[in-house]
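Observations on chain architecture
Residues per chain, in single letters:
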Amino acid sequence: MADTLSITDNRTGKTYELPIQDGTIRAMDLRTIKVADDEFGMMTYDPAFMNTASCRSAITFIDGDKGILEYRGYPIEQLAEGSDFIETAYLILFGELPTAAQLKEWSEAVTLHTMLHENIKKFLTGFRYDAHPMGMFLSAVGALSTFYPDAKDIFNVESRRLQTIRLIAKVPSIAAYAFRHTIGRPYVLPDNELSYSGNFLNMLFKMTEPRYKPHPVLERALDVLFILHADHEQNCSTSAMRNIGSSQVDPYSALAGASAALYGPLHGGANEAVLRMLSEIGSKDKIPEFIKKVKAGEGRLMGFGHRVYKSYDPRAKIIKRMADLVFEVTGKNPLLEMALELERIALEDDYFVSRKLYPNVDFYSGLIYQAMGFPTSMFPVLFAIPRTAGWIAQWEEMLTDPDQKIARPRQIYIGSATRDYVGRDKRK
Ligand code: CMC
């Protein structure tokens, strides 16, 4: 069996043989298909990149039909069970699980970079009292580029490693400060004795006690949520990270752009939308009526459906289990009963079944975050912290891939043909 694709152009009767590699043809090979020599050549039209591989990647594997998610070959279920976020971040960034010595060194390096420059604090205090924490987060991440001009040296391995450590270390601090700003509390310094997630809880929730002790169940739950959100291959924000990074800008600027992409309600803002939806439905007896509206095209069932997963999102399964543990500590989120009922009805309904719409990672995560004391505006920020690991790994992979260049899609021009400028006094 030849690994080629034969294409006959019926306009010319010519046949072309295109090589197939990894079940893919190279879009540039299509450019040889043309009617006249001076033509541009054939392109593909693929709005929203529904069927275009933009890179070769060794980081995350997803089989959307089977509900499989793996980081560097390790199933997400096993990482959520046995690993912690800081180790998983190492795996995603550097390709292998660390040895004990590597993990210690990595963890210490991250711990030593959690503090923010005083001027970043001042920068954050400049926001209005009701500023959305995600707006504050992405602005502060972008502002970091002005503090670390050495980050422009993107082809220097050592510099890239330093920026990686800084970013992984500082995103929880920025997130916590944004949160404290919105509730009018003073910023809390990092505590080097605590774990990555434990220290984040400290910076968020410490009051007057001399030392904050995170609840072990909540600390672990947050850590597992971080593992689940650490990477998800070429999604909207990761593609933004790669696209912006392909201009060879520094990683802080690229990460600010990726965070902006994550801010949108169809991406990182979906769990906030789930809670709003549950509150709006109001009670279990209103669910059938709500489902009817969704089926009639009036709004979507938020937290359901995924571009890639066409069966249950494996992250949603793990989160659903975590929810029980968290609610034992915090008390049940009153919206949980409604979410469970909504899921039950939707999974039996032909509209959702035939379109392969299952709960995604966001369906239950918001309920957990809310029970842990986070306002909904913090949800995308809680997504951005762990995704920073994925964004940087994907950025680095893009930079070191000889196939990559500055990202520059083509278009099909549908505007006016060439016409002469008309002076202002002559226009009708
Ligand atoms: N509720 C009702 N109908 C839906 C939904 C939904 N949540 N999602 C898709 N559909 C329908 C859609 O109307 C269409 O029906 P038809 O063929 O009759 O026109 C069909 O299913 C296919 O939808 P699509 O819009 O072509 O699918 P997509 O791959 O472009 O969209 C999605 C993926 C995640 C944007 C979408 O499912 C959605 O809007 N879900 C709700 C928002 C959400 O939960 N987002 C979080 C995604 S997971 C976290 C992340 O990766 O950021």
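Residues numbered from 1 in each chain as written. Predicted model: local features only at pLDDT ≥ 70, side-chain atom pairs only at ≥ 80, totals over all residues. Heavy atoms only, no water.

For the rest of this paragraph, the subject is the overall build of the protein. If you tally the helices and strands in the protein, you get 17 helices and five strands. A compact globule built from 428 residues would reach a C-alpha radius of gyration of about 22 Å, and the protein, at 24 Å, matches this within 12%. Classification of the 428 residues of the protein by burial places 48% in the buried group. Partitioning the contacts of the protein with sequence separation of at least 6, the portion at a separation of at least 24 is 70%. When the accessible surface of the protein is summed, it comes to about 22100 Å², and 54% of that surface belongs to carbon and sulfur atoms. Averaging the positions of the 50 positive and the 53 negative side-chain charges in the protein gives two centres separated by 6 Å. (Helix = DSSP H or I, 4+ residues; strand = E, 2+ residues; numbered from the N terminus. Rg over C-alpha atoms; globule rule 2.2 N^0.38 Å. Buried < 20%, exposed > 50% of the residue type's maximum accessible area, 1.4 Å probe, protein only. Contact = heavy atoms within 4.5 Å. Areas by Shrake-Rupley, 256 points an atom, 1.4 Å probe, with all protein chains shown as cover. Lys, Arg positive; Asp, Glu negative; His and termini not counted. Charge placed at Lys NZ, Arg CZ, Asp CG, Glu CD.)

The subject of this paragraph is the packing of aromatic side chains. Evaluated as defined, the whole model comprises 19 aromatic pairs. Judged by centre distance (5.7 Å) and plane angle (70°), the ring pair of Phe-85 and Phe-226 falls under edge-to-face. Taken as a pair, Phe-85 in helix H2 (residues 85–94) and Phe-226 in helix H8 (residues 216–228) lie far apart in primary sequence, 141 residues in all. Looking at Phe-85, the relative accessible area reads 0%, which means it is buried. On the basis of relative accessibility, which here comes to 0%, the residue Phe-226 falls in the buried class. Each ring, one from Phe-304 and one from Phe-363, has its centre 5.2 Å from the other, and the planes form 85°; the classification is edge-to-face. With Phe-304 in the loop between helix H12 (287–295) and helix H13 (314–330) and Phe-363 in helix H16 (residues 362–371), this pair connects stretches of sequence that are 59 residues apart. Phe-304 sits in the buried class, given a relative accessible area of 10%. Joined through ring pairs, the aromatic side chains of Phe-179, Phe-205, Tyr-369, Phe-374 and Phe-379 make up one cluster. If you follow Arg-31 out to its NZ or CZ, it ends over the ring of Phe-40, 3.9 Å from the centre. (Phe/Tyr/Trp six-rings, centres within 6.5 Å; stacked < 30°, edge-to-face > 60°. Lys NZ or Arg CZ within 6 Å of the ring centre and 35° of its normal.)

Attention shifts here to the site of the ligand. The environment of the ligand is formed by 18 residues, the closest being His-267, Arg-300, Leu-301, Gly-303 and Arg-307. One nitrogen or oxygen atom from the side chain of Arg-307 is found 2.7 Å from an oxygen atom belonging to the ligand. Relative to its free-state accessible area of 940 Å², the ligand is covered by the protein chains to the extent of 73%. (Near = heavy atom within 4 Å. Polar contact = N/O pair within 3.5 Å; in protein donor to acceptor, adjacent residues only side chain to side chain.)

Here we come to the pattern of salt bridges. Counting across every chain of the model gives 20 salt bridges. Salt-bridge contacts for Arg-26 lead to Asp-403; the nearest nitrogen and oxygen are separated by 3.4 Å. Taken as a pair, Arg-26 in the loop between strand E2 (14–19) and strand E3 (60–63) and Asp-403 in the segment after helix H17 (379–399) lie far apart in primary sequence, 377 residues in all. Residue Arg-26 is classed as partly exposed on the basis of its relative accessible area, which comes to 46%. Where Glu-337 meets Lys-332, a salt bridge forms, and the shortest distance between an N and an O atom there is 3.6 Å. Overlapping salt bridges, with partners in common, bring together Glu-341, Arg-344 and Glu-348 in one network. (Salt bridge = Lys/Arg side-chain N within 4 Å of Asp/Glu carboxyl O.)

In a beta sheet, neighbouring strands pair by backbone hydrogen bonds and run either parallel or antiparallel. Spatial ordering of the open sheet is given by E3-E4-E5, a layout of three strands whose pairing is antiparallel. Among the strands making up the open sheet, the edge pair consists of E3 and strand E5 (74–75). (Pairing = 2+ DSSP bridges.)

So, on to the pairing of strand E4 (residues 68–71). Pairing geometry for E3 and E4, over four bridges, is antiparallel. Bridging across to E4, Ile-62 finds its partner in Leu-69. Counting the residues that bridge the hairpin from E3 to E4 gives four residues, and of these Gly-67 lies at a positive phi of roughly 70°. Bridge count between E4 and E5: two bridges; the pairing is antiparallel. Residue pairing across strands places Tyr-71 opposite Tyr-74, the latter belonging to E5. Here E4 hands over to E5 after two residues, with Arg-72 in that stretch at a positive phi of 50°.

Look at helix H11 (residues 270–281) against H16: their axes get within 8 Å of each other, and the N-to-C directions meet at 80°. The angle between the axes of H11 and H16 places the two elements in the roughly perpendicular class. Counted together, Ala-270, Asn-271, Val-274, Leu-275, Met-277 and Leu-278 of H11 and Asp-362, Phe-363, Ser-365, Gly-366, Leu-367, Tyr-369 and Gln-370 of H16 form the full contact between these two elements. Of the residues belonging to the contact of H11 with H16, the class tally is eight nonpolar, four polar and one charged. (Axes fitted to C-alpha atoms, helices over the stretch in contact; angles between N-to-C directions. Parallel < 35°, antiparallel > 145°, perpendicular 65-115°, else oblique. Nonpolar A, V, L, I, M, F, W, Y, C, P; charged D, E, K, R; others polar.)

We now examine the nonpolar core. Counting residues in each nonpolar core, the largest one holds 116 residues, and the members touching the most others are Met-277, Leu-278 and Leu-342. At 13 residues, the largest contribution of residues to this core is made by H17. The residue makeup of this core includes at least three contributed by each of domain 1 (67–268 + 378–399) and domain 2 (281–371). Here Met-277 is in contact with Phe-290, Arg-300, Leu-301, Met-302, Leu-342 and Phe-363, once residues within four sequence places are set aside. (Core = buried A, V, L, I, M, F, W, Y, C linked by side-chain atoms within 4.5 Å. Domains from an automatic or database assignment.)

Here we come to the packing of helix H9 (residues 236–245) against helix H10 (residues 251–262). The contact between H9 and H10 brings their axes to 8 Å, and the two run at 150°. As far as their axial angle goes, H10 and H9 are roughly antiparallel. Of the two possible hands of crossing, H9 and H10 adopt the one that is right-handed. Taking contact as the criterion, the partners of Cys-236, Ser-237, Ala-240, Met-241, Ile-244 and Gly-245 in H9 are, on H10, Pro-251, Ala-254, Leu-255, Gly-257, Ala-258, Ala-261 and Leu-262. Residues that form the contact of H9 with H10 fall into these classes: ten nonpolar, three polar and no charged. (Left-handed = near helix turned anticlockwise from the far one by under 90°.)

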